[in-house]
Structure formats: C-alpha cells, structure tokens
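Single-letter residue listing:
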Amino acid sequence: NAVGQPTKLIGTNYDITDRKQAEERIRQSEQKYRELFQVNKDGIGVFLVNPHGPPSPFVEVNDAAHAMLGYTREEMLKLTPTMLEPDTTQEQLQIRRSQFDSKGAANFETVLRHKNGQSVFAEFTSQRIQYENQPAIMNIVRDITERKHRESELQAIATLSAALRTAETRAEMLPVIVEQMVALLQCETVSVEIIDPLTGDAVTEAAHGAWKALIGNRQKNGTRINAIISQTRQ
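Residues numbered from 1 in each chain as written. Predicted model: local features only at pLDDT ≥ 70, side-chain atom pairs only at ≥ 80, totals over all residues. Heavy atoms only, no water.

**Student:** If you had to explain the sheet that holds strand β3 (residues 105-113) to someone new, which residues and values would you point to?
**Tutor:** Taken in spatial order, the 5 strands line up as β2-β1-β5-β4-β3 in an open sheet, and their pairing is antiparallel. For this open sheet the edge positions go to β2 (58-61) and β3, each flanked by a neighbour on one side alone. Pairs of neighbouring strands in the sheet enclose a mean axial angle of 30°, with direction left out of account. Relative to the sheet, helix α4 (residues 90-103) contacts β3, β4 (119-131) and β5 (134-143), its axis offset from that of β3 by approximately 155°. Running at roughly 135° to β4, helix α5 (residues 145-166) makes contact with β3, β4 and β5 of the sheet. (Pairing = 2+ DSSP bridges. Helix = DSSP H or I, 4+ residues; strand = E, 2+ residues; numbered from the N terminus. Axes fitted to C-alpha atoms, helices over the stretch in contact; angles between N-to-C directions. Contact = heavy atoms within 4.5 Å.)

Rendered as structure tokens:
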C-alpha cells in the first residue's frame with residue numbers, strides 16, 4: 001500500500017519429519033556405538049592410514065586400550081602404533097600390509113611396550129575402515145601376556161622332563177635344570193645348592209651367569225641367607 005506495509009504473506013511449508021527421524025536414528029546409533037566402544041573389555045584403537053608414510057597418531061582409543069598400556073587417553077592420542085611396537089621388524093609389517101591388501105584385515109600377535117617399559121604380549125584383530133571419510137585401521141587388542149607365560153612354563157616343563165629322562169646322574173641333571181630356570185624366569189643368574197647330608201652345609205653344584213664362580217663354594221649350615229631359607233622354605 002501507500003505507506004509500504006505488506007498486504008499479504010506467502011509462505012511454503014515442508015514436512016521434515018522423515019529427516020528429523022533419520023537424524024535421531026543416526027544419533028542413537030552413534031550413541032550405541034560409543035557405548036559399545038567404551039565398555040568393550042578388549043582394547044580398541046583407530047589410526048589414519050598414510051599411504052606415503054608412517055601412520056597417524058591414534059584418533060580414537062577406548063578406556064581398555066590406554067589402561068592396558070599404562071597411559072592416559074590424552075597421552076595415547078599423541079602416540080602412533082609404531083611407537084608401541086619398537087621391536088617389530090619391517091618384515092613383520094610387510095606381512096600385515098599384504099594381508100590388508102588382499103583381505104582388508106589382518107590377525108596377528110605382537111609385543112607392545114607398556115609405559116613402564118615392560119612387554120605386553122597382545123593379540124590383534126585389525127580391519128580397514130572409513131573414519132570421518134578418511135581411510136583408517138581399527139585395531140581390537142587382547143592382552144595375552146598371562147597366556148604366553150603359561151605356554152612358556154608348560155614348554156619349559158616339557159623340555160625339562162624330556163632332558164631329565166636322558167640324564168643318568170645328578171651332575172647331568174643340574175645343568176639342564178639351571179638352563180630351563182633361566183629360560184622360564186628370564187633371569188640373569190641362577191644357582192643350585194645341594195645340602196650336604198653329613199654337615200648340613202649348602203654346596204653350589206650348578207650355576208648360570210655371574211654365579212658360575214660360586215660352583216664348588218660351601219656355605220656353612222645355619223649361616224647367611226641359607227639360614228633363612230632353611231627356616232622359611234622361601
């Protein structure tokens with residue numbers, strides 16, 4: 001009209017119910033995924049694939065992953081997978097790449113480095129995924145350190161039993177026992193002392209490492225550390 005006021009209003013309405021329902025389904029799906037991601041007892045880590053260089057630092061880790069290796073989430077997100085596997089060889093990495101190229105996935109065992117420097121034996125199930133429209137790999141990791149230790153113990157017992165069956169004298173048996181103790185306990189020094197039935201003295205009859213110099217050494221009954229061992233059996 002003459003004073004510039006509108007005389008009518010034209011509007012268009014769109015039904016966005018379907019879109020809103022789809023957005024809600026996506027939101028719920030993402031929430032369920034996040035919950036499953038976090039509560040999984042196995043470690044889960046995601047990193048981006050760099051076709052021309054080393055992989056990226058982790059972009060996602062669940063609580064089990066960083067707890068398994070002694071890191072906080074923030075510390076873990078600054079690390080790359082190769083930082084956690086300093087002893088893995090290029091040959092081993094190439095085998096994994098071949099599996100990814102042929103199957104898009106890889107299953108393998110490896111040794112990870114805990115924040116405190118200790119070794120963690122781990123079983124990996126890895127798969128190529130898309131993470132925010134970028135190629136990535138998701139690792140599901142299970143700590144198998146205890147299982148590996150049990151396997152080592154059983155192997156040592158089997159080896160020791162087989163070796164002792166062929167040993168006819170104590171002099172032949174003791175070096176075998178020492179060798180298996182070193183392998184089982186991963187220690188640097190071992191000694192085996194036999195108690196003299198006449199005097200009660202402890203005589204070192206076999207040893208490994210720096211304690212080899214003690215072979216033949218006789219420790220008087222009831223003296224030094226052997227007195228404690230005799231009393232406590234520990």
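**Student:** Tell me about helix α6 (residues 170-185), and name the residues and values.
**Tutor:** In a regular helix each residue adds 1.5 Å, so 16 residues correspond to 22 Å; α6 covers 22 Å between its end C-alpha atoms and thus fits that length. Among all positions in α6, only Leu-174, Val-176, Val-178, Gln-180 and Val-182 are buried. On its buried face, α6 is in contact with α5, β6 (190-195) and β7 (202-208). (Expected span 1.5 Å × (residues − 1). Buried < 20%, exposed > 50% of the residue type's maximum accessible area, 1.4 Å probe, protein only.)

**Student:** Outline the sheet that holds β7, supporting the account with residue identities and numerical values.
**Tutor:** In a beta sheet, neighbouring strands pair by backbone hydrogen bonds and run either parallel or antiparallel. Here we have 3 strands laid out as an open sheet, ordered β6-β7-β8, and antiparallel in their pairing. The open sheet has two free edges, formed respectively by β6 and β8 (218-219), since each of these has just one partner strand. Of the strand pairs in this sheet, β6 and β7 are connected by 6 bridges, and their pairing is antiparallel. Within β7, the position partnered with Ile-195 by the bridge is Ala-202.

**Student:** Before we move on, can you summarise a nonpolar patch on the surface with the specific residues and values?
**Tutor:** A surface patch of nonpolar side chains, amounting to about 250 Å² of accessible area, comprises Met-181, Leu-184 and Leu-185. Relative to the helices and strands, Leu-184 is located in helix α6. (Patch = residues over 30% accessible without salt bridge, like charges linked within 9 Å, V, L, I, M, F, W, Y side chains within 5 Å. Areas by Shrake-Rupley, 256 points an atom, 1.4 Å probe, with all protein chains shown as cover. Salt bridge = Lys/Arg side-chain N within 4 Å of Asp/Glu carboxyl O.)

**Student:** Account for the side chain of Asn-62, with residues named and values stated.
**Tutor:** Tracing the chain through its elements places Asn-62 in the loop between β2 and α2 (63-68). Asn-62 sits in the buried class, given a relative accessible area of 0%. At 3.0 Å, the side chain of Asn-62 and the backbone nitrogen of Ala-65 are in polar contact. (Polar contact = N/O pair within 3.5 Å; in protein donor to acceptor, adjacent residues only side chain to side chain.)

**Student:** How would you sum up the pairing of β4? Please name residues and give values.
**Tutor:** One ladder, built from 9 bridges, connects β3 with β4; its direction is antiparallel. Each residue of the ladder has a partner; that of Ala-106, found in β4, is Ser-126. The hairpin formed by β3 and β4 contains 5 residues between the paired strands, and Gly-117 there has a positive phi angle of roughly 95°. Counted between consecutive antiparallel strands, the loop separating β4 from β5 contains 2 residues, among which Glu-132 sits at a positive phi close to 50°.

**Student:** Explain the nonpolar core residue by residue, including any values.
**Tutor:** One finds Leu-69, Met-76, Leu-84 and Leu-112 to be the most contacted residues of the largest nonpolar core, which totals 19 residues. Of all the secondary structure elements, the ones that give two or more residues to this core are β2, α2, β3, β4 and β5. Excluding anything up to four places from it in sequence, Leu-112 contacts Leu-69, Leu-84, Glu-85, Gln-118, Ser-119, Val-120, Ala-122, Phe-124 and Val-141. (Core = buried A, V, L, I, M, F, W, Y, C linked by side-chain atoms within 4.5 Å.)

**Student:** Explain the pairing of β7 residue by residue, including any values.
**Tutor:** Here β7 lies mainly inside the structure; 5 of its 7 residues are buried. Bridging between β7 and β8 involves 2 bridges; their strand directions are antiparallel. Paired with Ala-202 across the bridge in β8 is Gln-219.

**Student:** Give me the lowdown on the packing of α5 against α6, citing residues and values where you can.
**Tutor:** In contact at an axis separation of 10 Å, α5 and α6 are set at 170° when each is read in the N-to-C sense. With respect to their mutual orientation, α5 and α6 come out roughly antiparallel. Note on element contacts: α6 touches α5 through Glu-172, Met-173, Val-176, Ile-177, Gln-180 and Leu-184, opposite Ser-152, Glu-153, Ala-156, Thr-159, Leu-160, Ala-163, Leu-164 and Thr-166. In terms of residue class, the contact of α5 with α6 is built from 8 nonpolar, 4 polar and 2 charged. (Parallel < 35°, antiparallel > 145°, perpendicular 65-115°, else oblique. Nonpolar A, V, L, I, M, F, W, Y, C, P; charged D, E, K, R; others polar.)

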